Structures are given as structure tokens and as C-alpha cells.
Amino acid sequence: MTQFRKSTALSRIQPAATIAITQKARDLRSAGRDVISLSIGEPNFDTPDHIKTAAAEAVARGETKYTPIHGIPELRAAIAAKFARENALDYAASQTIVCTGGKQVIANALLATLDPGDEVIVPAPYWVSYTQQVEMTGAVPVVVPTRAEDGFLMTAAALEAAITDKTRWLILNSPSNPSGAVYGADDLRALADVLERHSHVWVLSDDMYEHLIYGGTAFATMAAAAPTMKDRTLTMNGVSKAYAMTGWRIGYAAGPQALIDAMALVQGQLTSGAARPCQWAAHAALTGPQDAIQNQRAVFQQRRDLVVARLGAIPGMECPVPPGAFYVFPSCAAYLGKSTPEGRRIETDEDFVMALLEEGGVACVHGAAFGQSPYFRVSYAASEAELSAAMDRIEAFCASLG
Ligand SMILES: Cc1ncc(COP(=O)(O)O)c(C=O)c1O
């Protein structure tokens, strides 16, 4: 019998824990169990109507064929205009690229630049795909833990200590999935001061949650906060989170021409480019009315406040107030070593979330999946009614541990 054999690169890859837990919650539900899922990073709003209409009109016009690999010129111009308008970043349309989701922006950049043995600095807790995509290239993720006391921000000293002559990239994500941490302009400049001394290190700035910041901190991105870094920074963003468009699969980036063209070389061989009607939808998102963003932000802030207040009131739970994104990242340290009423012993954050799912009926993701224990991520991209019910369950579950 012929045996199936995975490539060496693929054998290093884990399925995304976020998707695995969401699937487990679905399975429990179809088996008749009542489960509330707070495990997925997807806004529960609908894509605004003018965006849907733009896609439908594009299809009706016959815009159903391949696009130029970098993306349609109209969308690339809208991306350059967005960076100028919102981020004070001056990029030519030729320095932009449209990809199949933010995920593929990162994949293109890493595949275009990394050789086996190269290193990529990833502050933890990190979005699950960074380390996995780095591993796929044969390069090595260098995970740098952060501390809740520092707001889960990487310090300049920690960055300095992690850099070697093999470092190719630092991946920064602000606001952060999963911690909700936000780097202000001064925080970025402190990191840039370190990078000034290491001109071989590039920055991938993942700004997917740009519009979801609550309270005083203004959004900042490396190429604008530290202009000397602009010629070695890839600034990436997308429409998935800002416009409730996860299923349209459009992400984009701007950066130095040579990098953008190298990314297009990868993309040309992998997908030929993003779907044409979806590019028109993204064009409508970036050029049309922006009020949906403000409305969503106000709703998310209320939900965050509800979740933080409820979790913070649970004895033993430590829940810092995250300034951005739509996640909270509380510590479950106080429950380690305890047992559930069904006799399950909780030794790790993964045990905690599994028991919470199976015995408490709420799906969250363990911190270990994001490279930092003992925490867990609660997504508040759910309705207030669901969130309140889920908080009741988490409270009852924690009280039941002994
Ligand atoms: C931090 C971060 N970057 C990138 C992405 C990818 O987004 P997209 O759905 O556009 O591929 C996500 C999605 O969850 C994310 O959380």
C-alpha cells in the first residue's frame, strides 16, 4: 500500500487552535449541547449594503476575469489614498498589493524573503498564523514573551536581546490579537531606536485591527511613527475586521517596491491574484462612507466593558482592560491545580478551556495557542445577550472548581 507522506515543512505545522476549538464547539452543538462560542475572531455584523452592491454590480458588468497580479488599479489607488488619509503614509499605488486576505499578505512576504535558518521575531502572545507561516518556509520563529504588567507590549530591551545576524523580520501587531495591546507612537519609536542599530531587520506591521481602539491611545504604525523605518517596513491591513468582510478574502499592503514586486512574484504562482468582484467590494469599502466603522467601534467598546467588568468580578480571575481589538486575555492561573465537578483536573490553560467548553458550555481559546500561558482569549465579537449568558456560565464554572 502506498503511504501518504507529508513534507518536512508541513510536518512542523499545527492546525490553527482557534479553528479547532470552534469546530469542537460546533460538533458539541450538533450533538445537542448548548454551547456559546467566543473562540472566533469574526465580527458578528453584516457587510454594509453599499459594499455588497458594488460587488454585485461588478459581476453584472462582467468583471469576472483574472485581474493584474498586484490587484486592480482602482483598488490600488484607493489603498494608497487610504494610507495617505488615515496614516499620513505616502505610498505610490505601484507600492501596494492586494492579496487573498491579510493572511496571504503575510504568507507572500515571508515566502518572498525567508530562507531556511533565517529568524523572525514574534512577540507573544501572537496571532497563531505568524509562527506557523514562518515554519512553513523553513525559517525559525523567535518568540519573545511579554508581560501583563507591561500591557503585553514588547520592550526595547527584549527586542535588542532577541536580534541576531540571522534576524530578517520583526512582526508587530497592534492592536493585538489576542491580547488587545496597542503600541503608541512612542512605544514604536523606542523599538525603532533599537532597529536603527540593526539595519538588516525589517518590520511587518499587521494593522488589521487599526479601527478598533478604545480610549486615549491613538493608532500608530511603524512606518509613520518612525519614518526612518519606512524603507524596511511592510504596512499591512485589510477589510476583514474593519468592514465585517472576513469571507470576501481581501487584504492589502504597501511597502518598498522591491518587496512588493517579490510578493507579486509569489502571488502570481500561487493564486494569480484576489477575486475580481471582491476587489471591487474592497474598493467600495475604502472609498465609501466610513460611518459603519465608528458604529461598530462604539458597540465593541460596550461589549468589552461588559466582559471586562463581569470577568473582573469573578474571584481569582485577573482580567486587564485591553485597549484594542475585540478580545480580552485574562489569566486563569488561580484555577490551575483545581478539579471540576466531573473530576477533571486542571493543570494548564488548555485543560481550563477544554473543561469550560465541555462542562461549562463556553468556547474560548487557551493562551498556549498564542504562545503565552496561563491565559485564555475571549472574543467579544458576539451579541450582548450571548456575552451576558457566557459570562454567567464562566462565573458558575469557576465557582464550581475545587
Ligand atoms: C492579527 C491578524 N492578522 C491578520 C489576520 C488575517 O485576516 P484575513 O481574514 O484578512 O486573512 C487576522 C485574522 O484573524 C488577524 O487576527
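Residues numbered from 1 in each chain as written. Predicted model: local features only at pLDDT ≥ 70, side-chain atom pairs only at ≥ 80, totals over all residues. Heavy atoms only, no water.

K.L.:
Sorry, what's going on with the overall build of the chain here?
P.N.:
The number of helices and strands found in the chain is 14 helices and 12 strands. Across its three principal axes, the chain shows a C-alpha extent of roughly 65 × 60 × 50 Å. By the burial criterion, 55% of the 402 residues in the chain qualify as buried. In the chain, the share of contacts with a sequence separation of at least 24, taken over all contacts with a separation of at least 6, comes to 74%. (Helix = DSSP H or I, 4+ residues; strand = E, 2+ residues; numbered from the N terminus. Buried < 20%, exposed > 50% of the residue type's maximum accessible area, 1.4 Å probe, protein only. Contact = heavy atoms within 4.5 Å.)

K.L.:
I would appreciate a short explanation of the sheet that holds strand 9 (residues 327-328) in the present structure.
P.N.:
As a general point, the strands of a sheet are linked pairwise by backbone hydrogen bonds and lie either parallel or antiparallel. Strands sit in the order 9-12-11 across an open sheet of three strands; the sheet is antiparallel. Single-partner strands in this sheet number two, and they are strand 9 and strand 11 (365-366). Bridge count between strand 11 and strand 12 (residues 376-379): two bridges; the pairing is antiparallel. Across the sheet, the residue bridging to Val-365 is Arg-377, located in strand 12. (Pairing = 2+ DSSP bridges.)

K.L.:
Explain helix 12 (residues 291-312) to me, please; I cannot follow it from the model alone.
P.N.:
Spacing of three or four residues puts side chains on the same side of an α-helix, whose turn is 3.6 residues. Counted at 1.5 Å a residue, the expected span for helix 12 with its 22 residues is 32 Å, and the 32 Å between its end C-alpha atoms agrees. Among the residues of helix 12, Ile-293, Gln-296, Phe-300, Arg-303, Arg-304, Leu-306, Val-307, Val-308 and Leu-311 are the ones counted as buried. Contacts made by the buried residues of helix 12 are with strand 9, strand 12 and helix 14 (384-400). (Expected span 1.5 Å × (residues − 1).)

K.L.:
Would you explain the packing of helix 13 (residues 349-360) against helix 14 in this entry?
P.N.:
When two helices pack together, you describe them by how their axes are tilted relative to each other and by the distance separating the axes. The N-to-C vectors of helix 13 and helix 14 enclose an angle of 110°; their axes lie 10 Å apart at closest approach. Classified by the angle between their axes, helix 13 and helix 14 sit roughly perpendicular to one another. Taking contact as the criterion, the partners of Phe-352, Ala-355, Leu-356, Glu-359 and Gly-360 in helix 13 are, on helix 14, Arg-393, Ile-394, Phe-397 and Cys-398. Partitioned by chemical class, the residues of the contact of helix 13 with helix 14 number six nonpolar, one polar and two charged. (Axes fitted to C-alpha atoms, helices over the stretch in contact; angles between N-to-C directions. Parallel < 35°, antiparallel > 145°, perpendicular 65-115°, else oblique. Nonpolar A, V, L, I, M, F, W, Y, C, P; charged D, E, K, R; others polar.)

K.L.:
Whenever I open this one, the pattern of salt bridges confuses me. Can you help?
P.N.:
Once their charged atoms are close, side chains differing in charge can pair, the charge on each being opposite to the other. Taken as a whole, this structure holds 20 salt bridges when the rule is applied. Residue Arg-168 pairs with Asp-118 through a salt bridge whose shortest N-O separation is 3.4 Å. Highlighted residues: Arg-168 in strand 5 (residues 167-173) and Asp-118 in the loop between helix 5 (102-113) and strand 3 (119-124), separated in sequence by 50 residues. Judged by relative accessible area, which is 29%, Arg-168 ranks as partly exposed. Across the pair Arg-197 and Glu-160 runs a salt bridge whose closest N-O atoms are separated by 2.5 Å. Placement of the pair is Arg-197 in the loop between helix 8 (185-196) and strand 6 (202-206) and Glu-160 in helix 7 (residues 156-162), with a sequence separation of 37 residues. (Salt bridge = Lys/Arg side-chain N within 4 Å of Asp/Glu carboxyl O.)

K.L.:
How should the site of the ligand be read in this particular structure?
P.N.:
Taken together, 13 residues are adjacent to the ligand, and Gly-102, Asp-206, Ser-240, Lys-241 and Arg-249 come closest. In this structure, Lys-103 approaches the ligand through a main-chain N or O atom, which is 2.9 Å from an oxygen atom. For the ligand, whose unbound accessible area comes to 390 Å², protein coverage reaches 92%. Grouping the constituent residues of the shell around the ligand by class yields four nonpolar, five polar and four charged. (Near = heavy atom within 4 Å. Polar contact = N/O pair within 3.5 Å; in protein donor to acceptor, adjacent residues only side chain to side chain. Areas by Shrake-Rupley, 256 points an atom, 1.4 Å probe, with all protein chains shown as cover.)

K.L.:
Where do I start with the pairing of strand 7 (residues 233-238) in this structure?
P.N.:
Put simply, side chains in a regular strand alternate between the two faces of the sheet. Strand 7 sits mainly inside the fold: six of its six residues count as buried. A two-sided burial pattern is seen for strand 7, the buried positions comprising Thr-233, Thr-235 and Asn-237 on one face and Leu-234, Met-236 and Gly-238 on the other. The sheet contact formed by strand 6 and strand 7 spans four bridges and is parallel. Looking at the pairing, Val-203 lines up with Thr-233 of strand 7. Inspection of the sheet shows strand 7 paired to strand 8 (residues 251-254) by four bridges, in the antiparallel sense. From the neighbouring strand, Thr-235 faces strand 8, where its bridge partner is Ala-254.

K.L.:
Just checking my understanding: could you explain the environment of Glu-359 for this structure?
P.N.:
Within the element layout of this structure, Glu-359 appears in helix 13. With 19 residues separating them in the primary sequence, Glu-359 and Thr-340 have C-alpha atoms 8.2 Å apart. With near-sequence residues (within four places) excluded, Glu-359 lies in contact with Arg-33, Thr-340, Pro-341, Glu-342, Arg-344 and Phe-397. There is a polar contact of 3.0 Å between the side chain of Glu-359 and the side chain of Arg-344.

K.L.:
Help me out: how do you make sense of the sheet that holds strand 4 (residues 140-145) in this one?
P.N.:
Ordered by their spatial adjacency, seven strands build an open sheet running 2-8-7-6-5-3-4, and the pairing between neighbours is mixed. Pairing within the sheet leaves two strands with one partner each, and these edge strands are strand 2 (96-99) and strand 4. Pairs of neighbouring strands in the sheet enclose a mean axial angle of 20°, with direction left out of account. Contacts from helix 5 reach strand 2, strand 5, strand 6, strand 7 and strand 8 within the one sheet, and its direction differs from that of strand 7 by about 155°. Along the sheet face, helix 10 (residues 257-270) touches strand 2, strand 5, strand 6, strand 7 and strand 8 and points at about 25° away from the line of strand 2.

Coordinates in, geometry out; function isn't part of it.
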